[in-house]
Amino acid sequence: MEDIKDKSIHHTAIKICEDFKTSPSYQALFQDIQKLVSTPSVKYEDFKDSLLKAMKDNGLDASLRNNVYHWMKTKKKEIGSPHDTFFRKAQIHWDKRIHKSLNSMCTELGINLAKIRTVSEREELAGKWGELSNYEVDIHKYRPVYAPKDFFEVLLNLKGPTTRNKGSPKWEFAQMPLKVKNLADLRCLYLELSRGEQILGVNSSLFSSRQYSALEAERMILGDKVLIKNYAPMAQEFLKKGCPNSLRAKIWTLILGAEVKPYHYGYFESLKDSVLQYDLMIDKLIIKDINLTASNDDQYFVFEDVLYQVLLCFSRDGEILKDLSTQPGFMQVVIKGKQSNTENNIIFPPSGVIPFHGFTICSVLLFVRRPCATLFRFSHFLHTLFSPFASSLWKSSRSGFTLLTVRENVTVF
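Residues numbered from 1 in each chain as written. Predicted model: local features only at pLDDT ≥ 70, side-chain atom pairs only at ≥ 80, totals over all residues. Heavy atoms only, no water.

Caption draft 1: View of the overall build of the chain. A count of helices and strands for the chain gives 18 helices and 4 strands. Buried residues in the chain amount to 36% of all 413 residues. (Helix = DSSP H or I, 4+ residues; strand = E, 2+ residues; numbered from the N terminus. Buried < 20%, exposed > 50% of the residue type's maximum accessible area, 1.4 Å probe, protein only.)

See below:
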């Protein structure tokens, strides 16, 4: 048994190394280790132990561990759920519906999904890049393709074969059966959450201001220690009992692996060049949504220009489409005025994400005070990391709701 376990660990390590070599962060870490090897702290006669100690002293050990952690979080499931086919069909149906709506709007307005900007248009857009709120574009005829409530209704109406025992409530595929019979069993299953311990930001009204201030100060001290350790799994555990507002950006940066490296700035500039070169129909949808949401918000209107820059570049990021475990539908679009061939065809939308009403606030609400490149990295990682868990979160929420309302006769507000 131990031999089988050792072989499994060995194969997993090989897989991690192969995948890590293709990641953008590999080259930077490899160069840092090479520099470290040339220092006196790494001795030839005791190379392995001295290198490991030097890596730990210089923070490279934590960096390597975090890369493994992020690999485990983002790797695709090798064994799928028996319900995957059903959900995949539902996703394809939804994608077709959205694409039909996009094409109908283009036909109605007499526009193309993609075209090359003229020289004057590129110069005007580049000149106003720092103040895109002053960039004049006619968007009054454009409308959001869909709103979150439309997607919510689709999820609620999903119907399929059910998994149920005699006398148990009906569990549709939009839900996930919990391995409990009642609320008491659910509390035992999630004992860590049912102890009634103080959690920063949750049920703060139950505690006096002095108690809450003491808890916040305690979490601040502990949070600073977690950041010094620079270990992502430790940061994830820290979040379970709440995180002070002043530490949230740093803690989430560590967990998501969204630190901005020097090469990210170059990548962001390449996406900006794509925005300047191609005029996509979704650009108008992004501008429309920012106008309808952030521009009219008392707190976020001051970040309007930053949101334009980040979301327009985000829409061009093809890496997001590659990283999404549940590949969304996309269209091969011929650029207006060009012949239909491989060079003149582009994927639409390049990122695989079609803006909806409220997309602006949902994408970057927590990180809007960060620089553009940092904000872009957060948006990228939020989409690629959490998309595999979206359906599971939804099904768990529905299951818990049904357990409380159907079996426990509890009114949930």
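Moving on from the coordinates now.
Caption draft 2: Focus on the pattern of salt bridges. Taken as a whole and judged by the stated rule, the model has 10 salt bridges. Here E237 and K240 are joined by a salt bridge, their closest N and O atoms 3.1 Å apart. Classification of K240 as partly exposed rests on a relative accessible area of 41%. Through salt bridges with shared partners, a single ionic network connects R117, D279, D283, K284 and R316. (Salt bridge = Lys/Arg side-chain N within 4 Å of Asp/Glu carboxyl O.)

Caption draft 3: Here's a closer look at unusual backbone geometry. The residue after F348, namely P349, is reached through a cis peptide bond having omega -10 degrees. With respect to the secondary-structure elements, P349 resides in the loop between β4 (345–348) and α16 (359–364). Even without glycine at this site, N230 takes up a positive phi of about 55 degrees. Mapped onto the secondary structure, N230 falls in the loop between α9 (209–229) and α10 (232–239). Relative accessible area serves as the criterion here: at 30%, N230 is assigned to the partly exposed category.

Caption draft 4: Expanded view of empty space enclosed by the protein. According to the stated counting rule, one finds 2 cavities of 30 Å³ or more in the structure shown. Estimates place the volume of the largest cavity at around 50 Å³. In terms of lining, the largest cavity is formed by R143, P144, V145, L285, K288, D289, P355, F356 and H357. Residue composition of the lining of the largest cavity, grouped by class: 5 nonpolar, 1 polar and 3 charged. (1 Å grid on protein atoms, 1.4 Å probe; cavity = no way out; pocket = protein on both sides within 12 Å on 5 of 7 lines; lining within 4 Å. Points joined across faces, edges and corners; volume = space filled by probe spheres on them. Nonpolar A, V, L, I, M, F, W, Y, C, P; charged D, E, K, R; others polar.)

Caption draft 5: Broad picture of the environment of F356. Here F356 lies in the loop between β4 and α16. Residue classification places F356 among the buried residues on the basis of a relative accessible area of 18%.

Caption draft 6: Inspection of the packing of aromatic side chains at higher detail. Tallying each qualifying case throughout the model produces 6 aromatic pairs. Where F314 meets F359, the ring centres are 6.1 Å apart and the plane angle is 45 degrees; that geometry is what we call tilted. Of this pair, F314 sits in helix α14 (residues 304–314) while F359 sits in helix α16; the two residues are 45 residues apart in sequence, bridging distant segments of the chain. (Phe/Tyr/Trp six-rings, centres within 6.5 Å; stacked < 30°, edge-to-face > 60°.)

Caption draft 7: View of the nonpolar core. Ranked by internal contacts, the top residues of the largest apolar core, which has 43 residues, are L102, V145, M281 and F348. Setting aside its immediate chain neighbours within four residues, V145 contacts I98, S101, L102, M105, L285, I354 and P355. Counting residues in hydrophobic clusters, the runner-up holds 10 residues, among them Y69, C243, L254 and I255. (Core = buried A, V, L, I, M, F, W, Y, C linked by side-chain atoms within 4.5 Å. Contact = heavy atoms within 4.5 Å.)

Caption draft 8: Up close: the side chain of T253. Among the structural elements, T253 can be located in helix α11 (residues 245–256). Of the polar contacts made by the side chain of T253, one reaches the backbone oxygen of A249; its length is 2.6 Å. (Polar contact = N/O pair within 3.5 Å; in protein donor to acceptor, adjacent residues only side chain to side chain.)

Caption draft 9: View of the environment of S270. For S270, the location among the structural elements is in helix α12 (residues 262–277). Exposure remark for S270: the relative accessible area of 35% places this residue in the partly exposed category. Distance from S270 to C313, taken between C-alpha atoms, is 8.8 Å for residues 43 residues apart in sequence. Separated by 2.5 Å, the side chain of S270 and the backbone oxygen of Y267 make a polar contact.

Caption draft 10: The pairing of strand β3 (residues 331–334), seen in detail. Of the two faces of β3, only one is covered, namely that formed by M331 and V333; the face formed by Q332 and V334 stays uncovered. As defined by bridge partners, β3 adjoins β4 across 4 bridges and the pair is classed as antiparallel. Bridge pairing links V334 to N345 in β4. (Pairing = 2+ DSSP bridges.)

Caption draft 11: Seen up close, the confidence of the model for the chain. Mean pLDDT over the chain stands at 76; residues scoring 70 or higher make up 73%. This model gives residues 381–401 a pLDDT under 50, and the stretch forms 46 contacts once residues within four places in sequence are excluded. pLDDT under 50 marks residues 403–413. Its contacts with residues more than four places away, or in other chains, come to 19 contacts. (pLDDT = per-residue confidence, 0-100.)

Caption draft 12: Representation of the packing of helix α4 (residues 60–74) against α10. Contact pair α4 / α10: the axes reach a minimum separation of 8 Å and the direction vectors enclose 65 degrees. For the pair α4 and α10, contact is made by N66, Y69, H70 and K73 and by A232, P233 and Q236, respectively. Residue composition of the contact of α4 with α10, grouped by class: 3 nonpolar, 3 polar and 1 charged. (Axes fitted to C-alpha atoms, helices over the stretch in contact; angles between N-to-C directions.)

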